[in-house]
Amino acid sequence: MSEPLLAVENLRIDLTIGGVHHAAVKDVSFTIGRGETFGLVGESGCGKSVTALALIGLLRPPLSVGAGAIRFKGHDLAQIGADDMRRLRGASVSMIFQEPMTALNPLSPVGRQIAEMFVLHKGATWVEAEKRAVEALASVRVPAPDRRAKDYPHQLSGGMRQRVMIAIALACGPDLLLADEPTTALDVTVQAEILELIRDLSAARGTAVLMISHDLGLIANMCARVGVMYAGRLVEEREAEDVFRDPAHPYTAGLIASLPLLGARARHGRARLQEIEGVVPSVTAFPAGCRFNPRCAERLERCAADDPAETALAAGGRVRCWRHG
Amino acid sequence: MKFRANLWIGGALFATVVAAGALAPWLAHTDPVMDANLMNAELPPGAEFWFGADGQGRDIYSRVLYGARISLTVGVLSQLINTVIGVALGMSAGYWGGWWDDVVSGLTNMMLAIPSLVFALAIMAILSPGLTSLLIALGLTNWSYTCRLSRASTLSLKNLGYVQAARILGYGDLRIMLTQILPNILGPIIVIGTLGMGGAVLAEAALSFLGLGIRPPFPSWGSMLSDARDQITTAPWVSVFPGLAIFVTVLGLNLLGDGLRDILDPQSEARAR
């Protein structure tokens with residue numbers, strides 16, 4: 001394969017509190033090829049969202065990129081200027097958010113908010129942009145798009161608003177779409193429709209997707225490859241199928257074991273949900289050695305002392321665990 | 001929608017004053033400056049002189065009508081200048097923060113510490129009296145409340161989802177401020193601006209009364225009051241009618257401002273009811 005669309009190399013994101021740097025995200029590396037769908041899973045606070053923010057250069061103090069490189073189409077994002085970065089955002093890299101309720105300007109008709117993307121990034125006139133906005137609404141399967149375009153966000157349901165967000169995000173035909181928990185705030189039936197929409201549109205347009213979620217089922221459905229994050233580290237990165245069939249890292253195994261498999265599990269008389277003991281440590285108090293070791297069921301002695309390096313797996317992919325090291 | 005007395009009464013009063021000023025050439029009986037006739041000096045209100053005549057025999061009714069033009073011009077334009085300055089400083093300070101915020105906040109606090117009328121007096125003393133100087137003096141001295149309000153509203157808005165989203169989608173800072181933040185903070189700013197207009201009309205009257213605003217013989221309500229103060233016992237109508245005009249205008253603007261607040265400010269009680 002030629003050069004990947006996005007390459008993240010040894011990314012470290014620092015959280016600076018009182019002059020002390022804490023590595024909120026450390027040594028995270030992954031690549032996303034053109035048109036590929038890559039999933040990033042992990043518990044709340046494990047660094048998924050700040051990684052996404054770093055990709056579009058929008059970390060704000062106290063967060064900052066401490067080390068590593070992010071290459072988009074071969075360009076190091078740290079090297080390009082603020083203006084070029086701004087032009088990149090929305091046009092080449094776009095994003096949809098967790099909260100469609102708050103992500104739209106309440107005082108502007110949704111059609112206009114879509115149209116603004118064409119004006120902003122494509123230099124279209126407003127008349128032309130409004131026309132393309134209606135087409136964009138139609139493409140995200142909003143019924144009666146010419147009428148809906150004149151609606152304000154409060155007149156739309158959550159699912160409709162998320163469709164509008166997708167229309168905005170995909171308006172300029174980006175190469176990469178960051179989807180940060182795009183369906184968390186929606187109910188289940190709508191979730192499925194929105195995911196299908198993202199999948200269809202990205203496939204049709206060759207848009208690569210970075211799907212961020214804590215929902216393993218969603219990631220399994222959507223993504224070809226998966227990265228599992230824990231406490232700011234990428235602990236496992238493999239083909240989605242392999243991850244779910246044969247998790248290599250104890251944390252991944254724990255996540256999968258904790259999935260509620262209603263029918264099957266109840267039949268085997270195991271109604272109680274499995275859990276991973278303990279909680280994610282806070283950024284200021286990451287344990288020494290492997291960051292997962294205090295909660296790990298398969299802990300070895302060296303886990304508490306030495307930080308495991310990434311190991312390539314025979315079946316493909318990488319894992320960061322002494323059991324494979 | 002429920003009937004809002006303050007909005008409608010205030011609006012009606014203000015509209016009346018605007019109409020009076022705009023239609024002055026047609027409504028006035030005489031030329032406000034030239035038609036002096038000492039034979040008519042201090043004539044009481046009657047059929048010929050509706051509001052009476054002043055010390056130089058000029059028709060007070062006509063002068064009050066023309067006076068509306070000056071009061072409204074100064075009130076509206078100076079408040080417009082204040083609002084533009086206040087919003088520009090406050091919104092940029094709130095949005096960018098950092099040293100710029102410190103500078104603007106310091107400046108705002110300084111402006112709040114100086115009595116604005118005294119500051120305007122000082123500016124007028126340096127510039128020569130006249131309409132332009134009045135606009136400058138009143139337009140530069142009363143933006144601190146607007147500035148504080150815009151800054152505070154911007155601070156609370158800038159971390160909201162859609163402002164963040166706009167940043168992520170590649171909007172520039174200026175575009176975010178103009179399209180995402182400004183429309184959402186406009187309500188309270190209109191309210192403050194309207195209330196401030198009443199203050200500016202009063203300030204213009206005060207400066208003109210002190211002889212630093214519009215100079216006689218041109219009719220401004222403040223300078224008319226100033227001229228009339230010696231005759232207040234002998235010919236009270238000379239001061240009563242310009243005073244009444246100021247009262248009606250400021251009352252109208254204040255009621256209008258209150259009414260707008262009830263509609264536009266989500267925190268006001270009237271809306272919660």
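Throughout, a residue's number is its position along its own chain's written sequence, starting from 1. Each chain is given a letter, starting from A, and each ligand a number, starting from 1, according to the order in which they appear as written. Residues qualify for local features only when their pLDDT is at least 70, as the model is predicted, and side-chain atom pairs are given and counted only at 80 or more; totals for whole chains, interfaces and linings, by contrast, use all residues.

J.: Can you explain the overall build of chain A? Please cite residues and give values.
T.: Only DSSP runs of H or I covering at least 4 residues are called helices, and only runs of E covering at least 2 are called strands; the numbering of each starts at the N terminus. Along chain A, the regular secondary structure elements total 11 helices and 12 strands. For 325 residues, the compact-globule estimate of 2.2 N^0.38 gives 20 Å, and chain A sits close to it at 21 Å. Projected onto its principal axes, the C-alpha coordinates of chain A cover approximately 65 × 55 × 45 Å. Buried means a residue has 20 or more other C-beta atoms within 10 Å of its own C-beta, exposed means 12 or fewer, and partly exposed covers the counts in between; C-beta atoms are placed from the backbone. Across the 325 residues that make up chain A, the buried fraction comes to 44%. Working definition of a contact: two residues with C-beta atoms, positioned from the backbone, lying within 7 Å. Taking the contacts inside chain A whose residues are at least 6 apart along the sequence as the reference set, 63% of them involve residues at least 24 apart. Put simply, the radius of gyration uses C-alpha atoms, and a globule should come to 2.2 Å times the residue count raised to 0.38.

J.: Explain helix α8 (residues 161-168) of chain B to me, and be specific about the residues and the numbers.
T.: The buried count for α8(B) comes to seven of eight residues, which makes it a mostly enclosed element. When we look at burial in α8(B), the residues that qualify are Tyr162(B), Val163(B), Gln164(B), Ala165(B), Ala166(B), Arg167(B) and Ile168(B).

J.: Outline the domain arrangement of chain A, supporting the account with residue identities and numerical values.
T.: You'll often see interface size given as the accessible area lost when the parts meet. Residues and elements named next belong to chain A. Domain parsing of chain A yields domain 1 (33-56 + 87-92 + 177-314) and domain 2 (99-173). The gap between the C-alpha centroids of domain 1 and domain 2 is 30 Å. Each partner contributes to the interface: domain 1 provides 14 residues, whereas domain 2 provides 17 residues. Of all the elements, helix α7 (residues 188-205) adds the most residues to the side of domain 1 that touches domain 2, at seven residues. Classification convention: Asp, Glu, Lys, Arg as charged; Ala, Val, Leu, Ile, Met, Phe, Trp, Tyr, Cys, Pro as nonpolar; all other residues, Gly among them, as polar. Its residues assigned to classes, the side of domain 1 that touches domain 2 comprises 10 nonpolar, two polar and two charged. Boundary definitions for the domains trace back to an automatic or database domain assignment.

J.: Can you break down the nonpolar core residue by residue, with the values?
T.: When buried Ala, Val, Leu, Ile, Met, Phe, Trp, Tyr and Cys residues are joined through C-beta atoms within 7 Å, the set is termed a nonpolar core. Of all hydrophobic cores here, the largest spans 154 residues; its most connected members are Ile114(A), Ala167(A) and Leu210(A). No other element matches the 14 residues that helix α9 (residues 173-209) of chain B contributes to this core. Counting only domains with at least three residues in this core, you end up with domain 1 (33-56 + 87-92 + 177-314) and domain 2 (99-173) of chain A. Look past the residues within four positions of Leu210(A) in its chain and what remains in contact with it is Ile32(A), Phe38(A), Leu40(A), Ala52(A), Leu176(A), Leu178(A) and Ala179(A).

J.: Now, about the packing of α9(B) against helix α10 (residues 221-228) of chain B: what can you tell me, with residues and values included?
T.: Residues and elements named next belong to chain B. Axes here refer to lines fitted to C-alpha atoms; in helices the fit is confined to the stretch in contact. Angles between the N-to-C directions go from 0 to 180 degrees. Where α9 contacts α10, the axes come no closer than 7 Å and their chain directions differ by 40°. Relative to α10, the element α9 lies oblique. As for how α9 packs across α10, the hand of that crossing is right-handed. Of α10, the residues touching α9 (which contributes Glu204, Ala205, Ala206, Leu207, Ser208 and Phe209) are Trp221, Gly222, Ser223, Leu225 and Ser226. With respect to orientation, any angle under 35 degrees is reported as roughly parallel, any angle over 145 as roughly antiparallel, any angle of 65 to 115 as roughly perpendicular, and every other angle as oblique. Helix crossings are classified by the rotation of the near helix relative to the far one: an anticlockwise turn of less than a right angle makes the crossing left-handed, while a clockwise turn makes it right-handed.

J.: Lay out the sheet that holds strand β4 (residues 63-72) of chain A with the relevant residues and their values.
T.: All names here are of chain A. As summarised here, the arrangement of the four strands in space is β2-β1-β4-β5, forming an open sheet in which the pairing is antiparallel. Of all strands in the sheet, those with a lone pairing partner are β2 (20-32) and β5 (75-76), marking the two edges. Sheet topology places β4 next to β5; two bridges connect them, and they run antiparallel. In the sheet register, Phe72 faces β5, and the bridge partner there is His75. Any two strands with at least two DSSP bridges between them are considered paired.

J.: An account of the pairing of strand β3 (residues 37-41) of chain A is requested, with residue identities and associated values reported.
T.: Regular strands have side chains that alternate between both faces of the sheet. Residues and elements named next belong to chain A. Across the five residues of β3, five count as buried, placing the element largely inside the fold. Neither face of β3 is open: one carries Thr37, Gly39 and Val41, the other Phe38 and Leu40, and all of them are buried. Here five bridges tie β3 to strand β8 (residues 208-213), and the two strands are oriented parallel to one another. The partner of Val41 across the bridge, within β8, is Ser213. Relative to strand β9 (residues 225-230), β3 is paired through four bridges, and the arrangement is parallel. Following the sheet pairing, Leu40 is matched in β9 by Gly227.

J.: Go over the sheet that holds β3(A), please, and point to the residues and values.
T.: Within a sheet, neighbouring strands are paired by backbone hydrogen bonds and run either parallel or antiparallel to one another. Residues and elements named next belong to chain A. Spatially, eight strands are ordered β6-β7-β8-β3-β9-β10-β12-β11 in an open sheet, and the strand pairing comes out mixed. Either end of the sheet is taken by a strand with one partner, and the two such strands are β6 (93-96) and β11 (311-312). The pairing of β9 with strand β10 (residues 233-239) spans six bridges and is antiparallel. Following the sheet pairing, Arg225 is matched in β10 by Glu239.

J.: Requested: an account of the packing of helix α5 (residues 116-126) of chain B against helix α6 (residues 131-139) of chain B, with residues and values cited.
T.: Residue and element names in this part refer to chain B. Running from N to C, α5 and α6 point in directions that differ by 145°, and their axes come no closer than 8 Å. α5 and α6 meet at a crossing whose hand is right-handed. Together, Ala120, Ile123 and Met124 of α5 and Ser133, Ile136, Ala137 and Leu138 of α6 make up the contact between the two elements. Split by residue class, the contact of α5 with α6 holds six nonpolar, one polar and no charged.

J.: Any chance you could break down the environment of Ala122(B) for me, citing the residues and the numbers?
T.: Residues and elements named next belong to chain B. As for its position among the elements, Ala122 is in helix α5. Residue class for Ala122 comes out partly exposed when judged on the 13 C-beta atoms lying within 10 Å of it. Distance from Ala122 to Leu212, taken between C-alpha atoms, is 9.8 Å for residues 90 residues apart in sequence.

J.: Explain the interface of chain B and chain A to me, using residue names and the numbers behind them.
T.: Contacts between chain B and chain A engage 13 residues on the former and 20 residues on the latter. Broken down by secondary-structure element, the contributors of at least two residues to the side of chain B that touches chain A are α8 and α9 of chain B. Ranked by residue count, the leading element in the side of chain B that touches chain A is α8(B), at five residues. Classifying every residue of the side of chain B that touches chain A by side-chain character gives seven nonpolar, five polar and one charged.

J.: Which residues make up the pairing of strand β7 (residues 176-180) of chain A, and what values go with them?
T.: All names here are of chain A. Most of β7 sits inside the fold, with five of its five residues counted as buried. In terms of strand pairing, β6 meets β7 through four bridges, oriented parallel. The residue bridging Met95 from the neighbouring strand is Leu178, located in β7. As judged from the five bridges shared by β7 and β8, these two strands associate in the parallel manner. Directly across from Ala179, in β8, lies its bridge partner Met211.

J.: Run through unusual backbone geometry, naming residues and quoting values.
T.: All names here are of chain A. The phi torsion at Lys73 lies on the positive side, around 50°, for a residue other than glycine. Looking at the element boundaries, Lys73 is found in the loop between β4 and β5. At Ala144, a position not held by glycine, the phi torsion is positive, near 50°. Mapped onto the elements, Ala144 comes out in the loop between α4 (126-139) and α5 (145-148).

J.: Provide a residue-level description of helix α6 (residues 158-170) of chain A, including the pertinent values.
T.: All names here are of chain A. A helix's residues, less one, multiplied by 1.5 Å, set its expected span. Between the first and last C-alpha of α6 there are 18 Å, a value that for 13 residues agrees with the 18 Å anticipated at 1.5 Å per step. By the criterion of burial, α6 is predominantly enclosed, with 12 of the 13 residues buried. Within the sequence span of α6, burial applies to Gly159, Met160, Arg161, Gln162, Arg163, Val164, Met165, Ile166, Ala167, Ile168, Ala169 and Leu170.

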